[in-house]
Amino acid sequence: MIYGLGRQLSRVTLLGLPEAEIYRQERLYRRSAARGGGIRSGLLHCPVCGGRATRYRPFGLANRPNSACPYCGSVERHRFLWLYLRERTSLLRQRLRVLHVAPEPCLERRLRALPNLRYLSVDQFNPGADRRADLTRLPFAAAQFDLVLCSHVLEHIPDDAAAMAELSRVLKPGGTAVVLVPYDPKRPETEEGRDVTSPAERWRRFGHPYHYRIYGADLPARLSAAGLTAMVVATRAMLSGHHRRKYRINRNYLLHCRSSSREKMDRRSSGSGMRGTPTGSVR
Ligand SMILES: [Zn+2]
């Protein structure tokens, strides 16, 4: 999660600057100071920090209007992810070992403050992360984490199957990974170009100078091949129109992925492939 890439976009695409050169800039991980004159009122309510506002800041390469919370920097997908974790998982209640990949500062603050979590962040470039590592080669033994959070990372990785396999490997049996990516379920297949190195060409094809793909309806199958059983959760299915407006959350999706190994064990012990209710450490 970085801020301010949009201001460097023309330089990135014109000069063809490699991802590592940009993502190693420490200042991109620091959110600029909050504006707003201390006025904390308005119809918009950020569930991540509790702040109220009349309008959010623009964010993203296209300067998407009314997107970023002026207090904590959360954008639409962060508010959706936090609400999902808070309302639909045991994050706030259970003792869990959590791995946060490419940590978003607004969510990291909330997660580190939860006394029931053992929290660890990992990032390839961010000097503030607990561990610096490539997601295709995580420096952890197998079956270490109850919950892995991985938002808007897989599309940056040429060999995303290797990254998905690592997410699966480090999860405890029955553990959960929550994955967000640029995802368009109307595309039957993922459009990708893992050999396309030019940032300008990737910007043209995938809407971002450092993305290798836009995921399509085959995304759950790709996760399944890595041992993750994925359920797609849409903002529109989880939140009413009133709440989407109040929290300023756009059309978006997350994938709730469960490590398949526990299911295999369950099937072996019950002799049935069907289970009525989910089991495991995170629900
Ligand atoms: Zn906020």
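Shown above is the structure to which this text applies.
Residues numbered from 1 in each chain as written. Predicted model: local features only at pLDDT ≥ 70, side-chain atom pairs only at ≥ 80, totals over all residues. Heavy atoms only, no water.

## Some details on the overall build of the protein
Filter applied, for reference: Starting at the N terminus, helices and strands are each numbered in turn, a helix being any DSSP run of H or I of at least four residues and a strand any DSSP run of E of at least two. With a 1.4 Å probe rolled over the protein chains alone, any residue whose accessible area is under 20% of its type maximum counts as buried; one over 50% counts as exposed, and the rest are partly exposed. Residue-level accessible areas treat just the shown protein chains as cover; the underlying method is Shrake-Rupley with a 1.4 Å probe.
Along the protein, the regular secondary structure elements total 10 helices and 13 strands. Each of the 283 residues in the protein was classed as buried or not, and the buried ones make up 54%. Per element, the accessible surface of the protein, about 13,300 Å² overall, is 50% carbon and sulfur.

## Here's the deal with helix H4 (residues 105-112)
Defined as follows: We call two residues in contact whenever any of their non-hydrogen atoms come within 4.5 Å of each other.
Pro105, Cys106, Leu107, Glu108 and Leu111 are the residues of H4 that are buried. Packing partners of the buried residues in H4 comprise helix H3 (76-88), strand E5 (96-101), strand E6 (117-123) and strand E8 (145-151).

## Topic: the sheet that holds strand E13 (residues 253-259)
Adjacent strands of a sheet form backbone hydrogen bonds with each other and so pair up, either parallel or antiparallel. Put simply, the test is: Two strands are said to pair when DSSP picks up at least two bridges between them. Think of each axis as a best-fit line through the C-alpha atoms, taken over the contacting stretch in the case of a helix, with angles from 0 to 180 degrees between the N-to-C directions.
Reading across the sheet, the seven strands line up as E7-E6-E5-E8-E9-E13-E12 and stay open at both edges, with mixed pairing between neighbours. The open sheet has two edge strands, strand E7 (131-132) and strand E12 (228-234), and neither has a second partner. Relative to strand E9 (residues 171-180), E8 is paired through six bridges, and the arrangement is parallel. Within the sheet, the bridge partner assigned to Leu147 lies in E9 and is Thr176. Sheet contacts for H3: E8, E9, E12 and E13; angle to E13, the most-contacted strand, approximately 40°. Each of E5, E8, E9 and E12 touches helix H5 (residues 160-170); the most contacted strand, E9, lies at about 140° to it.

## A look at the coordination of the zinc ion
This is how it is decided: The donor set covers N, O and S atoms within 2.8 Å of the metal, switching to 3.2 Å for Na, K and Ca, and it leaves out water, so a site may look short of donors. Labels for metal geometry use angle windows, namely 85 to 135 degrees for all angles of a four-donor tetrahedral site, and for square planar (four donors) or octahedral (six donors) sites opposite donors over 155 degrees apart plus all others within 65 to 115; sites meeting none of these are irregular.
Every protein donor of the zinc ion is listed here as Cys46 (SG), Cys49 (SG), Cys69 (SG) and Cys72 (SG), and their distances to the metal cover 2.3 to 2.4 Å. Geometry at the zinc ion is tetrahedral, judged from the four donor atoms that bind it and their angles of 103 to 114° at the metal. Each donor residue of the zinc ion belongs to the same chain, and together they define the spacing C-x2-C-x19-C-x2-C. One end of the pair, Cys46, is in the loop between strand E1 (44-45) and strand E2 (52-53); the other, Cys69, is in the loop between strand E4 (64-68) and H3, with 23 residues separating them in the sequence.

## Quick notes on the packing of aromatic side chains
Operational definition: Aromatic rings from Phe, Tyr and Trp, taking only the six-membered ring of Trp, are treated as a pair when their centres fall within 6.5 Å; an angle between ring planes under 30 degrees marks them as stacked, one over 60 as edge-to-face, and anything in between as tilted. Here, over-ring charges are defined by two tests on the NZ atom of lysine or the CZ atom of arginine: distance to the ring centre within 6 Å, and angle to the ring normal within 35 degrees.
According to the stated counting rule, one finds two aromatic pairs in the structure shown. Measuring from ring centre to ring centre gives 5.3 Å for Phe140 and Phe145, while their planes differ by 80°; the resulting arrangement is edge-to-face. Ring centres of Tyr183 and Tyr253 lie 5.3 Å apart, and the angle between their planes is 90°; on these two criteria the pair is classed as edge-to-face. In this pair, Tyr183 sits in the loop between E9 and strand E10 (191-192) while Tyr253 sits in strand E13, placing the two residues 70 residues apart along the sequence. Judged by relative accessible area, which is 16%, Tyr253 ranks as buried. One Lys or Arg, Arg202, reaches over the ring of Tyr212 and ends 3.8 Å from the middle of that ring.

## Details of the side chain of Asn126
The topology assignment puts Asn126 in the loop between E6 and E7. Contact partners of Asn126, with chain neighbours within four places excluded, come to Tyr29, Pro103 and Arg132.

## Here's the deal with unusual backbone geometry
Here Asn63, not a glycine, exhibits a phi torsion of approximately 50°, which is positive. Mapped onto the elements, Asn63 comes out in the loop between strand E3 (57-59) and E4. A positive phi angle, close to 50°, is found at Ala102, a residue other than glycine. Among the structural elements, Ala102 can be located in the loop between E5 and H4.

## Describing a positive patch on the surface
The condition is simple: A patch consists of residues whose relative accessible area exceeds 30% and which take part in no salt bridge; residues with like charges are grouped when within 9 Å of each other, and nonpolar side chains (Val, Leu, Ile, Met, Phe, Trp, Tyr) when within 5 Å. Any Lys or Arg side-chain nitrogen found within 4 Å of a carboxyl oxygen on Asp or Glu counts as a salt bridge. The convention is simple: Lys and Arg are positive, Asp and Glu are negative, and His and the chain ends are not counted. Positions of charges follow a simple convention, taking NZ of Lys, CZ of Arg, CG of Asp or CD of Glu.
Residues Arg7, Arg11, Arg27 and Arg30 make up a contiguous surface patch of positive charge. Structurally, Arg11 is set in helix H1 (residues 9-15). In this structure Arg11 comes out as partly exposed when scored by relative accessible area, which is 39%.

## Examining the pattern of salt bridges
One pass over the structure, following the stated rule, counts 16 salt bridges. The residue Asp160 makes a salt bridge to Arg194 at a minimum N-O spacing of 3.8 Å. Here Arg194 lies in the loop between E10 and helix H6 (199-206) and Asp160 lies in helix H5, a separation of 34 residues in the sequence. Of the charged contacts in the structure, one is a salt bridge between Asp160 and Arg213, with a shortest N-O distance of 3.7 Å. Separated by 53 residues along the polypeptide, Asp160 in helix H5 and Arg213 in strand E11 (residues 213-214) bring together distant segments of the chain. The exposure classification of Asp160 matches that of Arg213, with both residues buried. Each of the salt bridges in this network shares a partner with another, and the network as a whole consists of Asp160, Glu192, Arg194, Arg213, Asp218 and Arg222.

Without other data, these values stay purely geometric and don't point to any function.
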